[in-house]
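# Structural description and commentary
Next come the chains, spelled out residue by residue.
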Amino acid sequence: MKIIKNTALLAVLLIQACGSEVSNKNTQIKPIPNEHILTKFIDFNAEDVLTKTIQLNQTSAKIVENQLIVNFHSKQNDYTSISFVSEQGWDWSHFEDFNLAFDISNPGQRSVQVYLDITDGNGDNYTRSVSIPIGEKNTYYAKMAGHDLATPDGKENVELNFKSGLRSNPDTWESNQVQFISLWGKKNLDVSSIKRITLSVQSALHDKTISISNIRLRKNPTFNTQFLTKIVDKYGQNAKTEFAGKIHNHDELIAARDEEISQLKESYDVNTRSKFGGWINGPKQTATGYFRTEKINGKWSLVDPEGYPYFVTGLDIIRLSNTSTMTGYDFDQATINQRKATDFTPEDSQKLNRVSENAISTRFVASELRSELFEWLPKYDEPLGKHYGYRRSAHSGPLKHGETFSFYSANLERKYSDMNQDNPDLDFMDMWQEVTIKRMLTWGFTSFGNWTDPMFYQNNRVPYFANGWIIGDFKTVSSGNDFWAPLPDVFDPKFEERAMFTLKQVADEVKGNPWCVGVFVDNEMSLGRSESNAAHYGIALHTLKRDGKNVPTKAEFTRLMKNKYGSIDNLNKKWNTNIKNWQSFNAGVEGDVNVPAQLEDFSIMLSAYADKYFATVKKAKDRYLPNHMYMGARFPDWGMPKEAVEASAKHVDVISFNVYKEGLVPSKWKFMEKIDMPAIVGEWHNGASDSGLFHPGLIHASSQEDRGVMYKDYMHSVIDNPYFVGAHWFQYMDSPITGRAYDGENYNVGFINVTDTPYKPIVKAAKEINEEMYLRRFKK
């Protein structure tokens, strides 16, 4: 056994690891027939290359029997990695149709999600990921080029361009080897200059280990040109593979329904839970008739209307709005009722919105590729034709608008339509609502999460969180990286008008119900990113360029600077600028993050923007929902600048974060000690690739069983954090296999699949967490 202590030695030893296959008596890799190896990954013959090839970041490594063992010290470090680096860049342009392959095994005790980042000489990067299961050795590959497909517009790389609209496509050849899953970045890199290849473990709760060998470039096998043809069956499942729980016929669907329903409960356990899901055996607090916050035994908590400690667990997206997928068909736009700037509901939160009879006669194929994905779609005049819908806009994908179909909704009708014999006035949606409520009670969840259909708001058996979006005809500003949408100009009086309109609409839905825990408003706003000062202060930099005569937020920034500096000369001295006067400043100036005084003032501007946003929403919430908590705007883990978080803390009752990691790593959340107020996880999930879907989600598990293991690990990290009062899982059901209509997400992240059948391992894990959480949270 050799311990690697420097990068030069590691590079030398890597030659041994790359040089030959490592035998493993327990696991046999099924090779691709006639695998064509183009080259081993790195030629270490030149001494100057050896000293520059390998970089370790918070990792250690050793060689055992020609295997490179990499230990990621990820428990104490947010980012750990091993990188293969070429200063001049590897030129692979003469390989026209190839992939990069690694043989990897996992000798550790937990699955390992490995991120693969490949960077070219232009600075473009493509991030992919895969989960390495415990013990198994397999080949994991990433396509680099090739596999072109003839299209009406000529020969095109449909695979790497993702013209299908799926976040991740089916494999284009058959083997038991595993393709790295696409996440983000530029998919078609410049293969004439590959500068860096990095394998990393990020935001993990435990140290992780993998074994790497036989790194190589391979020619892609023969392309399956039908890899996107008829891949979805009539139930919305993968038509070309078998998996646990797959439904093949109506009898199986009804049998699964009846088995589950016979096990569902009518209420929480009266021996441990209050009627609101609070802990009746815990330290009782003052009852106010509504949910509120309280610090109990040194830990923040919610308190239910009866005064019992209340910890939040539950599922997001309990509605049909996000269950539809683009079919590839469209209609004459003159027949479509188009959106208005004053609409209350964003397009992706709309119901199915079936088109008019007048529109149906104009139906045409807008994307042949999309239309060929399905084995079956109903006719409009068939009973299941009611599950067609329409999206007038999309965030991303091959179509900007088009026809949709919800296989999940159709399956609900197939599954529950014959259950209303005792009460013919109830339809399949009433039955689904009742089953869903009983699931929450049986599984022990204490709430319905964000984006729950208002049809559940008066159920009075399971608490819920309301939500609202502030959209409308107000002016906007930009951070320069507006992922979901441009930001509101919060100093435009129209923004406050729309905030008031939104919260009034939410209040009309809630109707003062004490079962409503609180309200989330907006989601994952692009307030600033952490990768650079320019990204952090994007709102200031991009707004400063604009004319304050037309941009109220810019006018406010001008006022702030004028109040701080008095004269423009004083600002020029600090900013190292030569601005003529305040009128010129207000008309538009360039900012520079390399000037310390400017950076300090950008922080003031960002704070002012965020403070105005949260104060305005708080004002509207207090007017229309005075008895319910304001749960914030759900900061994404990629966009939570400290100025915005601290501003929100002045106005919200609970700060919300969407945290797509393996758990809450304590070091990352130490800033909460200073803020000292309750927080909640608004979104998180994991998924696997054994469900028939083509993408596991943002956080990868190795199997359905592993999803349950990772669920418990994550929730333990939340329960053990004294500031977090709960977490909501995203989402109730899987994404459509061909991607949700709005943006193509096709993730295995549901507690139930497209046939409304629960995933038993993760349900079991959630039940265990929900049974133990109060004792674990409040133990002394």
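Residues numbered from 1 in each chain as written. Predicted model: local features only at pLDDT ≥ 70, side-chain atom pairs only at ≥ 80, totals over all residues. Heavy atoms only, no water.

### Focus: the overall build of the protein
For the protein, the count of helices and strands is 19 helices and 35 strands. Radius of gyration (C-alpha) of the protein: 27 Å, near the 28 Å computed for a compact globule of 780 residues. By its C-alpha atoms, the protein is 80 × 75 × 65 Å across when sized along the principal axes. A buried classification covers 59% of the 780 residues belonging to the protein. Accessible surface, the protein as shown: approximately 30800 Å² in total, 48% of it carbon and sulfur. Put simply, the protein has 90 plus and 97 minus side-chain charges, and the middle of one group is 4 Å from the middle of the other. (Helix = DSSP H or I, 4+ residues; strand = E, 2+ residues; numbered from the N terminus. Rg over C-alpha atoms; globule rule 2.2 N^0.38 Å. Buried < 20%, exposed > 50% of the residue type's maximum accessible area, 1.4 Å probe, protein only. Areas by Shrake-Rupley, 256 points an atom, 1.4 Å probe, with all protein chains shown as cover. Lys, Arg positive; Asp, Glu negative; His and termini not counted. Charge placed at Lys NZ, Arg CZ, Asp CG, Glu CD.)

### A few points about the nonpolar core
W575, F585, Y613, F657, Y711, Y732 and F751 are the most contacted members of the largest nonpolar core, which has 159 residues in total. Here this core gets 11 residues from one element, more than from any other, and that element is helix α15 (residues 596–624). F102, A142, M144 and V191 belong to the second-largest nonpolar core, a separate cluster that totals 39 residues. (Core = buried A, V, L, I, M, F, W, Y, C linked by side-chain atoms within 4.5 Å.)

### Overview of the layout of surface pockets
For the second largest pocket, the calculated volume is near 1000 Å³. Around the second largest pocket sit 38 residues that line it, and D171, T241, S689, L693 and F694 are the ones nearest its centre. Elements represented by at least two residues in the lining of the second largest pocket include exactly β9 (125–132), β10 (137–145) and β13 (178–179). Looking at the lining of the second largest pocket residue by residue, the classes come out as 15 nonpolar, 17 polar and six charged. (1 Å grid on protein atoms, 1.4 Å probe; cavity = no way out; pocket = protein on both sides within 12 Å on 5 of 7 lines; lining within 4 Å. Points joined across faces, edges and corners; volume = space filled by probe spheres on them. Nonpolar A, V, L, I, M, F, W, Y, C, P; charged D, E, K, R; others polar.)

### What to know about the confidence of the model for the protein
Considering every residue of the protein, the mean pLDDT works out to 92; 92% of them sit at 70 or more. Note that pLDDT drops below 50 for residues 1–27; the model gives that stretch 67 contacts with residues more than four away or on any other chain. (pLDDT = per-residue confidence, 0-100. Contact = heavy atoms within 4.5 Å.)

### Digging into unusual backbone geometry
Glycine aside, a negative phi is what most residues show, and trans is what most peptide bonds show. Residue F730 is joined to Q731 through a cis peptide bond whose omega torsion reads 25°. Positionally, Q731 belongs in the loop between β35 (724–729) and α19 (760–778). Although it is not a glycine, N214 sits at a positive phi angle of roughly 55°.

### Overview of the packing of aromatic side chains
Under the definition given, this model contains 56 aromatic pairs. For the pair W443 and F445, a centre-to-centre distance of 6.4 Å together with 75° between the ring planes defines the contact as edge-to-face. Of the two residues examined, W443 and F445, each falls in the buried class. Here the aromatic rings of Y613 and F614 are separated by 4.9 Å at their centres, their planes lie at 85°, and the arrangement is edge-to-face. Take F614: its relative accessible area is 0%, and that puts it in the buried class. (Phe/Tyr/Trp six-rings, centres within 6.5 Å; stacked < 30°, edge-to-face > 60°.)

### Re the sheet that holds strand β6 (residues 79–90)
The antiparallel open sheet is built from six strands, whose spatial order is β3-β6-β15-β8-β9-β14. The open sheet is flanked by β3 (54–57) and β14 (181–185), the only strands paired with a single partner. Strand-to-strand twist across the sheet, computed as the mean angle between neighbouring axes with direction ignored, equals 20°. (Pairing = 2+ DSSP bridges. Axes fitted to C-alpha atoms, helices over the stretch in contact; angles between N-to-C directions.)

### What about the sheet that holds strand β18 (residues 299–303)?
Strand order in the open sheet formed by three strands is β17-β18-β19, and the pairing between neighbours is antiparallel. What marks the edges here is a single partner per strand, and that holds for β17 (292–296) and β19 (309–310). As paired strands, β18 and β19 are joined by two bridges and run antiparallel to one another. Bridge pairing links V303 to P309 in β19. Set on the sheet, α19 makes contact with β17, β18 and β19; between it and β18 the angle comes to about 135°.

### Thoughts on empty space enclosed by the protein
Taken as a whole and assessed by the stated rule, the structure comprises seven cavities of 30 Å³ or more. Approximately 110 Å³ is the volume attributed to the largest cavity. Residues of the lining of the largest cavity, tallied by class, amount to seven nonpolar, seven polar and one charged.

### Observations concerning the pairing of strand β16 (residues 208–219)
Of all the 12 residues making up β16, 11 are buried; the element is thus mostly covered by neighbouring parts of the structure. As paired strands, strand β5 (residues 67–72) and β16 are joined by five bridges and run antiparallel to one another. Opposite F72, over in β16, you have K208 as the bridge partner. Note: strand β7 (residues 98–105) against β16, seven bridges, orientation antiparallel. Following the sheet pairing, F98 is matched in β16 by K219.

### Side note on helix α4 (residues 250–261)
Compared with the 16 Å implied by 1.5 Å per residue over 12 residues, the 17 Å span of α4 between its first and last C-alpha is a close match. Among the residues of α4, those classed as buried are L253, I254, R257 and E260. Looking down the long axis of α4, one finds its buried residues gathered within 130° of arc, a one-sided arrangement. Taken together, the buried residues of α4 touch α7 (407–416) and α8 (428–443). (Expected span 1.5 Å × (residues − 1). Arc of directions from axis to C-beta.)

### What to know about the pairing of β6
For β6, the buried fraction is high: nine of the 12 residues fall into the buried class. Taken together, the four bridges between β3 and β6 define a ladder with antiparallel strand orientation. In the sheet register, I54 faces β6, and the bridge partner there is F84. The pairing of β6 with strand β15 (residues 194–202) spans eight bridges and is classified as antiparallel. Directly across from V85, in β15, lies its bridge partner R196.

### Points about the packing of helix α18 (residues 704–719) against α19
Following both chains from N to C, one finds α18 and α19 inclined at 20°, their axes separated by 9 Å at the closest point. Accordingly, the angle class assigned to the pair α18 and α19 is roughly parallel. Note that α18 runs across α19; the crossing there is right-handed. For the pair α18 and α19, the contacting residues are Q704, E705, R707, G708, Y711, K712, M715, H716, V718 and I719 in the first and P761, I762, A765, A766, E768, I769, E772, M773, R776 and R777 in the second. Looking at the contact of α18 with α19 residue by residue, the classes come out as 10 nonpolar, three polar and seven charged. (Parallel < 35°, antiparallel > 145°, perpendicular 65-115°, else oblique. Left-handed = near helix turned anticlockwise from the far one by under 90°.)

### Observations concerning the pattern of salt bridges
Counted under the stated rule, the structure contains 49 salt bridges. Between R167 and D743 there is a salt bridge; the shortest N-O distance is 3.1 Å. Placement of the pair is R167 in the loop between α3 (158–161) and β13 and D743 in the loop between β35 and α19, with a sequence separation of 576 residues. Overall, R167 belongs to the partly exposed group, its relative accessible area being 23%. One salt bridge in this structure joins E413 and K386, with 3.1 Å as the shortest N-O distance. Highlighted residues: E413 in helix α7 and K386 in the loop between α6 (368–371) and β24 (388–391), separated in sequence by 27 residues. Overall, the relative accessible area of 40% leaves K386 in the partly exposed class. Through salt bridges with shared partners, one network takes in E35, D103, R216 and R218. (Salt bridge = Lys/Arg side-chain N within 4 Å of Asp/Glu carboxyl O.)

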